[in-house]
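Given next are the chains, with one letter for each unit.
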Amino acid sequence: MSERVQKVIAQAGIASRRKAETLITEGKVEINGEVVTQLGVKVNKNDEVRVNGIPLTKEPLVYIIMYKPRGVITSVSDDKHRKTVIDLLDNVQERVYPIGRLDYDTSGLLLLTNDGELDNRLTHPKYEVEKTYIAKVKGEIKNDDLKQLRNGVVIDKKKTAPAKAKLIRFNRDSKTSIVSLTIHEGRNHQVKKMLASLDHPVMKLSRESYSFLNLKGLNPGDSRSLKPHEIEELKKMVKLK
Ligand code: URA
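The model shown is predicted, which means the values in this text are computed figures rather than measured ones. (Residues numbered from 1 in each chain as written. Predicted model: local features only at pLDDT ≥ 70, side-chain atom pairs only at ≥ 80, totals over all residues. Heavy atoms only, no water.)

**Describing the site of the ligand**
What counts here: We call a residue near a molecule or strand when any one of its heavy atoms sits within 4 Å of it. We define a polar contact as two N or O atoms separated by no more than 3.5 Å, with the added condition that, inside protein, one atom must be a possible hydrogen donor and the other a possible acceptor, whereas residues neighbouring each other in sequence contribute only through side-chain atom pairs. Working definition of accessibility: Shrake-Rupley area with a 1.4 Å probe, residue cover restricted to the visible protein chains. In DSSP terms, a helix is any run of H or I states spanning at least four residues, a strand is any run of E spanning at least two, and both are numbered starting from the N terminus.
For the ligand, the full set of nearby residues is Leu102, Asp103, Thr106, Tyr133, His189, Gln190, Val191, Lys192 and Leu205. Here an oxygen atom of the ligand and a backbone polar atom of His189 are 3.2 Å apart. Computed on the free molecule, the ligand has an accessible area of 240 Å², of which 95% lies beneath the protein chains in the complex. Ranked by residue count, the leading element in the shell around the ligand is helix H5 (residues 190-196), at three residues.

**Digging into the nonpolar core**
Note the following rule: The criterion is simple. A nonpolar core is a set of buried Ala, Val, Leu, Ile, Met, Phe, Trp, Tyr and Cys residues joined through side-chain atoms within 4.5 Å. Working definition: with a 1.4 Å probe on protein chains only, accessible area under 20% of the residue-type maximum means buried, over 50% means exposed, and in between means partly exposed. What counts as a domain boundary in this text is fixed by an automatic or database domain assignment. Pairs of residues are marked as contacts when any of their non-hydrogen atoms sit within 4.5 Å.
Ranked by internal contacts, the top residues of the largest apolar core, which has 29 residues, are Leu149, Leu181, Ile183, Val191, Met194 and Leu195. Split by domain, the residues of this core number at least three in each of domain 2 (63-125 + 221-237) and domain 3 (130-210). Each residue touching Leu149, except ones within four places of it in the same chain, is listed here: Ala163, Ala165, Leu181, Met194, Leu195 and Leu198.

**Considerations on the side chain of Asp115**
What counts here: When charges are counted, Lys and Arg contribute as positive and Asp and Glu as negative, whereas His and the chain ends are disregarded. What counts as a salt bridge is simple: a side-chain nitrogen of Lys or Arg found within 4 Å of a carboxyl oxygen of Asp or Glu.
Here Asp115 shows up in the loop between strand E9 (106-113) and helix H3 (116-122). With no salt bridge to any partner, buried Asp115 finds its closest opposite charge in Lys235, at an N-O distance of 4.2 Å. In contact with Asp115, other than residues within four places in its own chain, are Leu61, Tyr63, Tyr97 and Lys235.

**Looking at the pattern of salt bridges**
Should their charged atoms come close, side chains of opposite charge can pair. With the rule as written, the count across this model stands at ten salt bridges. Measuring nitrogen to oxygen at the nearest pair gives 2.8 Å for the salt bridge that ties Lys192 to Asp103. Placement of Lys192 in helix H5 and of Asp103 in the loop between strand E8 (97-98) and E9 is noted, with a sequence separation of 89 residues between them. Among the residues examined, Lys192 registers a relative accessible area of 23% and is labelled partly exposed. Exposure remark for Asp103: the relative accessible area of 17% places this residue in the buried category. We note a salt bridge from Glu117 to Arg121, for which the minimum N-O separation is 3.0 Å. One end of the pair, Glu117, and the other, Arg121, are both in helix H3, four residues apart, so they sit about a helical turn from each other.

**Focus on the packing of aromatic side chains**
The line we're drawing: Pairing of aromatic side chains here covers Phe, Tyr and the six-membered ring of Trp, requires ring centres within 6.5 Å, and sorts the geometry by plane angle: under 30 degrees stacked, over 60 edge-to-face, intermediate tilted. We call a charge positioned over a ring when the NZ of a Lys or the CZ of an Arg lies within 6 Å of the ring centre and within 35 degrees of the ring normal.
The tally for this structure, following the rule as stated, stands at zero aromatic pairs. We note Arg82 situated over the ring of Tyr104; from NZ or CZ to the ring centre the distance is 5.1 Å.

**Some words on the domain arrangement of the protein chain**
Under the domain assignment, the protein chain is made up of domain 1 (3-55), domain 2 (63-125 + 221-237) and domain 3 (130-210). Relative placement of domain 1 and domain 2: their C-alpha centres are 30 Å apart.

**Notes on helix H2 (residues 17-25)**
Where we set the bar: Each direction from the helix axis to a C-beta atom contributes to the arc, which is the arc of those directions.
Those residues of H2 that fall on the buried side of the exposure criterion are Ala20, Leu23 and Ile24. With its buried residues spanning 100° around the axis, H2 presents them on a single face. Its buried side turned inward, H2 meets helix H1 (5-11), strand E2 (29-31) and strand E5 (49-51). The first or second residue beyond H2 is Gly27, which carries a positive phi of 80°.

**As for the pairing of E9**
Stated formally: We treat two strands as partners when DSSP finds at least two bridges between them.
The element E9 is extensively covered by neighbouring structure, given that eight of its eight residues are classed as buried. Pairing between strand E7 (residues 63-68) and E9: six bridges, direction antiparallel. Within E9, the position partnered with Ile64 by the bridge is Leu112. The pairing of E8 with E9 spans two bridges and is classified as antiparallel. Looking at the pairing, Pro98 lines up with Leu112 of E9.

**With respect to helix H6 (residues 228-237)**
Within H6, the full set of buried residues consists of Glu230, Ile231, Leu234 and Lys235. Looking straight down H6, one finds that the buried residues subtend no more than 135° of arc, so they occupy a single side. Residues of H6 that are exposed and angled more than 90 degrees away from the buried face: Pro228, His229 and Lys236. Where H6 is buried, its residues contact E7, E9, H3, strand E16 (213-214) and strand E17 (223-225). In the stretch just after H6, Lys239 is the one whose phi turns positive, near 60°.

Right, here's the structure in full:
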């Protein structure tokens, strides 16, 4: 969403809207390093606005871990008016967004932040952040399936990176298996596609952990701020510290 720069300056508490307009016409305001003297130029949250050379203070950085329930969309808004993960947050004033996504019918661990740099890095394949999923699938997962999952299977014409795969149990009555899969890529619907490629369609999916973070102490729909040492550890992992 973009806003007029004089409004953004006023909202940052630097000056009244009228005083902000004067600062602009006097050439004291820069947007992304360029002086602007026209009123009404619009900026969005990615633009850097400086007044007298000093950047407007940005929102404090926040880091949240959520137990996403099924039936909620991983997005900041939805044109079909479905419930989003943002609707589940209370007491968060900052404009946070999800790091990566979980499908509408997938539950489990989701991180949210307004720290764009951490988001970029955690979702970059180079850092190989491990995510563990528990899937309930149709049919019996055999050793050969596990081997293929570990070695990589072809989805969307490209082989997946080596993964960790474990059978947790097979239910003879329902002919379903519970399998744990740890991957470090983040391709679209990756877990569902990997298992479907072996003829084991996923019936239920949940993300149990994200690197060293897990859902201990959280129920579906709950969230909490990450602790300082957890933020530090995440940053270290992606060379931000
Ligand atoms: N893989 C999927 O198929 N779905 C998810 O929500 C996450 C990983």
